[in-house]
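Next come the chains, spelled out residue by residue.
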Amino acid sequence: MCRTSSTMSILRRRLNEFDDILNAEEIDLISLKRLCFHGIPDEGGLRPLCWKLLLNYLPSTRLSWSETLTRKRTLYKTFIEDLIVTPGEANSDGERVDVTLHDHPLNLNPDSKWQTYFKDNEVLLQIDKDVRRLCPDISFFQQGTDYPREEIVNASGQKRLHSRVQHTVLRSANVERKGLGVTKQIAVSIRKAAEDYAPLAEGGEAHWEVLERILFLYAKLNPGQGYVQGMNEIVGPIYHAFACDPDQKWREHAEADTFFCFTNLMSEIRDFFIKSLDEAEFGINSMMSKLTAQVKANDPEIWMRLHQQELCPQYYSFRWLTLLLSQEFPLPDVMRIWDSLFADENRFSFLIHICCAMILLLRDQLLAGDFTTNVKLLQNFPSMDIQIVLSKAAALAGKSLNSP
């Protein structure tokens, strides 16, 4: 798209503002959030660094970055070594051990590596299924990373997680909630690729394989929550941003950096994924109630229409809120939305405003449609300039949103 001289001037000014903040010895996080809320320019490769700061991965003091990154990246490597259990691995001398000497596949001892291995595979089955179908409208996740984990791809045994998947009974959690009626059938549908992504040949790793490892390690380290379907939609945009960083030194460590940023983000939205916390202050039911209240306050006629049709927010906004709108828009728009969400001083309150704006922008169609038409409309939000949606949301929040 052709840019006018005025647009280019505004872009240069904004890039300079970002540079001034990001190159300071002490990052002014308040000013950075203000800038990021209006959108991080695609030019300049600023988003990966800004997200690392907004998600509290990097400290505000630049002198601390090197120590923080070294420590975190080393820790992540330790997670890989300690948590990806492969029974019958070679001993420290490189010799293959007799796996039946002290442990065997039928050993019921909770300390058995085989028991851990089989239990892990149940969770891994769902993760593998989900990451093989992530963002089917782009080819990125099927492509190979330039930085495969040598200790994984060149190792003997089953260190490569996708090779361990067994067709066993799945017992991992799912974003679907029992008791939501029609939601279970039609409201929590997730975009699927026409065919599952295939793993790369030995010595290489596709980006989806990297995400599989990140999610597996997260589930292992968070046994109280584990893996819930939909987490792949949260980690995907973060990893995409980091793996496409124009700076090779950052790009090389996209996996470890993504893991910790994802972990930090999940610590803030984990209530969305835990059924027992649905009624908590920041649980999913509370968020849906806030959305309904905001629609009613801003457009009683639309609220009444949806109320009369018994078109409950669970039928559409459950997915919107839980997955931070990652299923409703193309990836570039999702990343733009997340600029504002991550920069939100009142963590994720702006998400309610965006969802309300989406409903209000469909006012005419919703007032004219019947239940079936409106359910389909809300579950398949029509293509729309994301700036229109965000500007409407900002107006609802009593803010102004400058065009990036």
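Residues numbered from 1 in each chain as written. Predicted model: local features only at pLDDT ≥ 70, side-chain atom pairs only at ≥ 80, totals over all residues. Heavy atoms only, no water.

Caption draft 1: View of the environment of C312. Checked against the element boundaries, C312 lands in the loop between α13 (300-308) and α14 (317-322). When its relative accessible area of 31% is taken as the criterion, C312 is described as partly exposed. Sequence-wise, C312 and T292 are 20 residues apart; in three dimensions their C-alpha atoms are separated by 9.0 Å. (Helix = DSSP H or I, 4+ residues; strand = E, 2+ residues; numbered from the N terminus. Buried < 20%, exposed > 50% of the residue type's maximum accessible area, 1.4 Å probe, protein only.)

Caption draft 2: Highlighting the packing of aromatic side chains. Tallied over the entire structure, the rule returns 15 aromatic pairs. Aromatic pair W51 and F342: ring centres 5.0 Å apart, planes at 75 degrees, arrangement edge-to-face. Taken together, the residues span a long stretch of sequence, with W51 in helix α3 (residues 47-54) and F342 in helix α15 (residues 331-343) at a distance of 291 residues. Given a relative accessible area of 0%, F342 falls into the buried group. Their ring planes at 50 degrees and their centres at 6.2 Å tell us that F140 and Y239 sit as a pair that is tilted. Linking F140 in the loop between α5 (113-131) and α6 (150-153) with Y239 in helix α9 (residues 231-243), this pair joins segments that are 99 residues apart in sequence. Neither F140 nor Y239 differs from the other in exposure class; each is buried. (Phe/Tyr/Trp six-rings, centres within 6.5 Å; stacked < 30°, edge-to-face > 60°.)

Caption draft 3: Quick look at the nonpolar core. Core analysis: the largest hydrophobic core is formed by 118 residues, its most contacted members being L32, W51, L324, W338, I354 and I359. In terms of residue count, the dominant contributor to this core is helix α16 (residues 349-360) (10 residues). Built from parts of two domains, this core gets at least three residues from each of domain 1 (64-86 + 110-174 + 198-270) and domain 2 (275-397). With sequence-adjacent residues up to four places away left out, W51 is seen in contact with I40, P237, I238, A241, F242, M335, W338, D339 and F342. (Core = buried A, V, L, I, M, F, W, Y, C linked by side-chain atoms within 4.5 Å. Domains from an automatic or database assignment. Contact = heavy atoms within 4.5 Å.)

Caption draft 4: Looking closely at unusual backbone geometry. In the Ramachandran plot, N56 falls in the positive-phi region, its phi being about 60 degrees despite a non-glycine side chain. For N56, the position within the fold is in the loop between α3 and α4 (65-83). Its identity as a non-glycine residue notwithstanding, L324 has a phi of 55 degrees, on the positive side. Within the secondary structure layout, L324 lies in the loop between α14 and α15. In this structure L324 comes out as buried when scored by relative accessible area, which is 0%.

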